[in-house]
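Geometric and topological summary
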Amino acid sequence: MRGLIRLSFVFPAIVAGIGAGVLALWPIGEVEPASFPSGDAERGAYLARASGCVSCHTNSAAKGLALAGGAPLDTPFGTFVPPNITPHREAGIGRWTVQDFAKAVRQGVSPDGDPYYPVFTYSFYAGFTDQDIADLWEAFRTVPAVGDAAPPHDVGFPFSFRSGLKLWRAAYLDTPDTDALMGTSSPWNRGRQLVEGAAHCAACHTGRTLAGGLDDGARFAGNDSLPGGSKAPPILSDVLLAKGWGVANLAYALQSGILPNGDAFGGSMAEVVAEGTSFLSDADREAIATYLLDPEGTGDIPAPAPTPIETPMAGMDHSQMDMGNGN
């Protein structure tokens, strides 16, 4: 009898150990190209702004140095800290190769072969071309190296078991739909590329499942459970139109942070504008607005409702949870 009792405790532990071992040995990621084209630092800096790299990996509130590590993100799974991605050889990514960088950005896999936590929005960057990667890499190499490593994540078991993230990847990792569609305008296609890819708007404006994956049934419907209890409003086309948004005033808000009623974005959405969308070209901001207001690509955007934007929308805090961090 005692033997059976012991077995009832030992057997599950053995099974769990075997499962953990299998997960640890499960290979992820694909081999990146042996060579990349020459990068352009100016183009890379532009893409880094569009992708939220600067706003996430820089702790502006604490007057932190550029890309030296971002503000902690409190989530139900633990506290995540965007790492130092300056070219410092110890504290940053100075020892990486461009292949390491590409695998991290496009696949969410570290140089050691470990999966990154999904707070790093690598799934949205999966469509980046080799030229995009080369440009980003060249831009990051021009940033002054910072010798202070960001604090480690504070994540408890079982989420601290990195290999378990391989199951999450199998369930939720999808490549974004950013390819151009025939029969739609160039601005619409560019907006689709930015919204669904680099700018990763769904990361904050879409609700999540209990496992932290995006809820496909609530795309762009808003998220009331962002880190720290903050919220992101819905950005569905009918909601935006009903609140008085049109292409012109939405594009202007992405440049200035100013709403049509004279109020301003609050919380981290203000930071996203200040550190990201305000650096985009007028054409790209208009493209984002065009896609959000016409997600089906019909080419027919109704006139917005004549009512002013509601003031409470300005104060909503769009968390930086998924603005591009990991490790």
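These numbers were taken from a predicted model, which means no experiment stands behind them.

This brings us to the overall build of the protein. Assigned secondary structure in the protein consists of twelve helices and two strands. Looking at the protein as a whole, 45% of its 327 residues qualify as buried. Residue pairs at least 24 apart in sequence account for 69% of intrachain contacts in the protein once pairs closer than 6 positions are excluded.

Okay, the packing of aromatic side chains next. By the definition in use, this model includes nine aromatic pairs. Arranged with centres 5.2 Å apart and planes meeting at 45 degrees, the rings of Phe101 and Trp137 form a pair that is tilted. Residue Phe101 is found in helix H4 (residues 98-107), and its partner Trp137 is found in helix H5 (residues 130-141); the two are separated by 36 residues along the sequence. Phe101 gets classed as buried once you look at its relative accessible area, which sits at 2%.

In the structure shown here, the tally under the stated rule is zero disulfides. Unpaired in this structure, Cys53 has its nearest cysteine sulfur neighbour in Cys56, at a distance of 8.5 Å. According to the relative accessible area criterion, Cys53 is buried, its value standing at 11%. Cys201 takes part in no disulfide bond, and the closest cysteine sulfur, belonging to Cys204, lies 9.2 Å away.

Right, let's get into unusual backbone geometry. A positive phi is found at Lys63, a non-glycine position, where the angle reads about 55 degrees. Checked against the element boundaries, Lys63 lands in the loop between helix H3 (53-57) and strand S1 (73-75).

The first and last C-alpha atoms of helix H7 (residues 186-198) sit 17 Å apart over 13 residues, in line with the 18 Å expected at 1.5 Å per residue. Buried within H7 are the following residues: Trp188, Asn189, Gly191, Arg192, Leu194, Val195, Glu196, Gly197 and Ala198. The residue sitting at the N-terminus of H7 and contributing the capping side-chain oxygen is Ser185; that oxygen lies 3.1 Å from the backbone nitrogen of Trp188.

Their axes nearest at 8 Å, the elements helix H10 (residues 247-256) and helix H12 (residues 282-293) cross at an angle of 130 degrees. If you check the angle between H10 and H12, you find them oblique. In this structure, H10 crosses over H12, and the sense of that crossing is right-handed. Of H12, the residues touching H10 (which contributes Val247, Leu250, Ala251, Leu254 and Gln255) are Arg285, Glu286, Ile288, Ala289, Thr290, Leu292 and Leu293.

Here the focus is the confidence of the model for the protein. Mean pLDDT over the protein stands at 84; residues scoring 70 or higher make up 84%. Under a pLDDT of 50 for its full length, residues 6-17 has, in the predicted model, one contact with residues more than four places off or in other chains.

With that settled, consider the nonpolar core. Among the nonpolar cores identified, the biggest contains 54 residues, and Phe101, Phe128, Ile133 and Leu292 are the most heavily contacted of them. When residues no more than four places from it in sequence are discounted, the contact partners of Leu292 are Val195, Phe220, Ile235, Ser237, Leu240 and Leu250. In terms of nonpolar packing, the next biggest core, distinct from the first, is built from five residues, Phe80, Tyr117, Val119 and Val155 among them.

Compared with an ideal rise of 1.5 Å per residue, which puts twelve residues at 16 Å, H12 spans 17 Å between its outermost C-alpha atoms and is within 8% of the ideal. When you tally the buried positions in H12, you get nine out of twelve residues, the bulk of the element. All of the buried residues along H12 are Asp284, Arg285, Ala287, Ile288, Ala289, Thr290, Tyr291, Leu292 and Leu293.

Here we take up a negative patch on the surface. Together, Asp174, Asp177, Asp179, Asp215 and Asp216 line one region of the surface with negative charge. Relative to the elements of secondary structure, Asp179 occurs in the loop between helix H6 (165-172) and H7. Accessibility expressed as a relative area gives 60% for Asp179, which makes it exposed.

It is worth spelling out the pattern of salt bridges at this point. If you walk through the whole model with that rule in mind, you get ten salt bridges. Between Arg95 and Glu90 there is a salt bridge, with the nearest N and O atoms lying 2.5 Å from each other. The partner of Asp284 in a salt bridge is Arg190, with the nearest N and O atoms 2.8 Å apart. Of this pair, Asp284 sits in helix H12 while Arg190 sits in helix H7, and the two are 94 residues apart along the sequence. Asp284 sits in the buried class, given a relative accessible area of 8%. Since its relative accessible area comes to 29%, Arg190 is described here as partly exposed. Shared partners join several salt bridges into a network, and the residues in it are Glu32, Arg106 and Asp130.

Definitions and cut-offs
Residues numbered from 1 in each chain as written. Predicted model: local features only at pLDDT ≥ 70, side-chain atom pairs only at ≥ 80, totals over all residues. Heavy atoms only, no water. Helix = DSSP H or I, 4+ residues; strand = E, 2+ residues; numbered from the N terminus. Buried < 20%, exposed > 50% of the residue type's maximum accessible area, 1.4 Å probe, protein only. Contact = heavy atoms within 4.5 Å. Phe/Tyr/Trp six-rings, centres within 6.5 Å; stacked < 30°, edge-to-face > 60°. Disulfide = S-S within 2.5 Å. Expected span 1.5 Å × (residues − 1). Polar contact = N/O pair within 3.5 Å; in protein donor to acceptor, adjacent residues only side chain to side chain. Axes fitted to C-alpha atoms, helices over the stretch in contact; angles between N-to-C directions. Parallel < 35°, antiparallel > 145°, perpendicular 65-115°, else oblique. Left-handed = near helix turned anticlockwise from the far one by under 90°. pLDDT = per-residue confidence, 0-100. Core = buried A, V, L, I, M, F, W, Y, C linked by side-chain atoms within 4.5 Å. Patch = residues over 30% accessible without salt bridge, like charges linked within 9 Å, V, L, I, M, F, W, Y side chains within 5 Å. Areas by Shrake-Rupley, 256 points an atom, 1.4 Å probe, with all protein chains shown as cover. Salt bridge = Lys/Arg side-chain N within 4 Å of Asp/Glu carboxyl O. Lys, Arg positive; Asp, Glu negative; His and termini not counted. Charge placed at Lys NZ, Arg CZ, Asp CG, Glu CD.

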